[in-house]
Amino acid sequence: MIETTHCPYCGNDFKRVVKSKTKCKQCGDFVYKRTTLDGKHVVVTEKERDRIDAEHKKAPWISPKTKDVYHRYFVLLEYNKKRIRKILKKPFWAKINDKEAIWAAIKHYKTQCIKEWHYGLYRNAVSDTIPLLLEDKKFSKALDVCLSVCYMDHCNASNGNIKAQLSPWLKKNGEIVTHHLTQAIYIADEIGLSYEELIHRYRDVSEGIWLKLKAPIEPAKSQEHFSQRLLEVKKEITQ
Ligand SMILES: [Zn+2]
């Protein structure tokens, strides 16, 4: 997901995602491309680059915070309250607590995304459930979700269009962001999963999505890439 293509110093529009270090032709300053913890590609100043790098190093594995997730779906919740009652099979007078409401809202939203081939948004919604699961100490489930996001990122989930038959998978392979790899490592550690078991788990999870969403990269192929990236990130963490 590209967040900005503008020079953070002078506002010059590069009109593309810049290489990791690029000199701005308009102001002469060096700008840097980084990926934020939640997977957004940004063009930033040197200072901001250092901040993002430090954030990755610190590896906060519960991010975004649960309250941010609630906030993001709040509008959705209000809008679809009737529907949420329907999904939950609750009568109009019954109280719905925040947690069941947020789960119902996300579930509903995910179904919509799949129907419309908005796999990029679907991926984001799936990713949003991780902090909720971690908060409830559902580590095993959180790990599966985390791995599914890794696989969708590798397959480059994007927003297609079912009516126009525009594919929801980009042709070029995507990258698995450090944040989710870090998260996977920490959760696997929490439930006592070895590196080999984690890689095996990735294969199982990606096979499910491969079949369900007709993802383009064969799970065995993706697994190779995943294991390499995992080693890289593991090295970074233990450094
Ligand atoms: Zn500039």
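Okay, the overall build of the protein chain next. When helices and strands are tallied, the protein chain shows nine helices and three strands. Taken over 239 residues, the protein chain has a buried fraction of 31%.

Turning to the sheet that holds strand β1 (residues 21-23), a few remarks are in order. Ordered in space as β1-β2-β3, the three strands form an open sheet in which the pairing is antiparallel. Of all strands in the sheet, those bounded by a partner on one side alone are β1 and β3 (41-44). Put simply, the sheet's adjacent strands are angled 25 degrees from each other on average, direction ignored. Across four bridges, strand β2 (residues 30-35) lies against β3 in antiparallel orientation. Across the sheet, Arg-34 pairs through a bridge with Val-42, a residue of β3.

A separate point is helix α5 (residues 119-135). The end-to-end C-alpha distance of α5 is 25 Å, a good match for the 24 Å that 17 residues give at a rise of 1.5 Å each. Most of α5 is tucked away, with 12 of its 17 residues classed as buried. Burial in α5 covers these residues: Tyr-119, Tyr-122, Arg-123, Asn-124, Ala-125, Val-126, Ser-127, Asp-128, Thr-129, Ile-130, Pro-131 and Leu-134. Of the residues trailing α5, Lys-137 is marked for its positive phi of about 60 degrees.

Turning our attention to the packing of helix α8 (residues 195-213) against helix α9 (residues 219-238). Remark: α8 packs on α9, axes separated minimally by 9 Å, with the N-to-C direction vectors making an angle of 140 degrees. With respect to α9, the element α8 is oriented oblique. α8 and α9 meet at a crossing whose hand is right-handed. Only Pro-219, Ser-222, Gln-223, Phe-226 and Ser-227 of α9 make contact with α8, whose side of the interface consists of Ile-199, Tyr-202, Arg-203, Ser-206, Glu-207 and Trp-210. Taken together, the residues of the contact of α8 with α9 break down into five nonpolar, four polar and two charged.

Right, let's get into the packing of helix α4 (residues 98-115) against α5. At a closest axis distance of 8 Å, the pairing of α4 and α5 adopts a crossing angle of 160 degrees. The orientation of α4 with respect to α5, classified from their angle, is roughly antiparallel. For α4 against α5, the interelement crossing comes out left-handed. Facing Ile-102, Ile-106, Tyr-109, Lys-110, Cys-113 and Ile-114 of α4, the residues of α5 in contact are Tyr-119, Leu-121, Tyr-122, Ala-125, Val-126, Asp-128, Thr-129 and Leu-132. When grouped by side-chain class, the residues that make up the contact of α4 with α5 number 11 nonpolar, one polar and two charged.

Cut-offs and rules
- Residues numbered from 1 in each chain as written.
- Predicted model: local features only at pLDDT ≥ 70, side-chain atom pairs only at ≥ 80, totals over all residues.
- Helix = DSSP H or I, 4+ residues; strand = E, 2+ residues; numbered from the N terminus.
- Buried ≥ 20, exposed ≤ 12 C-beta atoms within 10 Å, placed from the backbone.
- Pairing = 2+ DSSP bridges.
- Axes fitted to C-alpha atoms, helices over the stretch in contact; angles between N-to-C directions.
- Expected span 1.5 Å × (residues − 1).
- Parallel < 35°, antiparallel > 145°, perpendicular 65-115°, else oblique.
- Left-handed = near helix turned anticlockwise from the far one by under 90°.
- Contact = placed C-beta atoms within 7 Å.
- Nonpolar A, V, L, I, M, F, W, Y, C, P; charged D, E, K, R; others polar.

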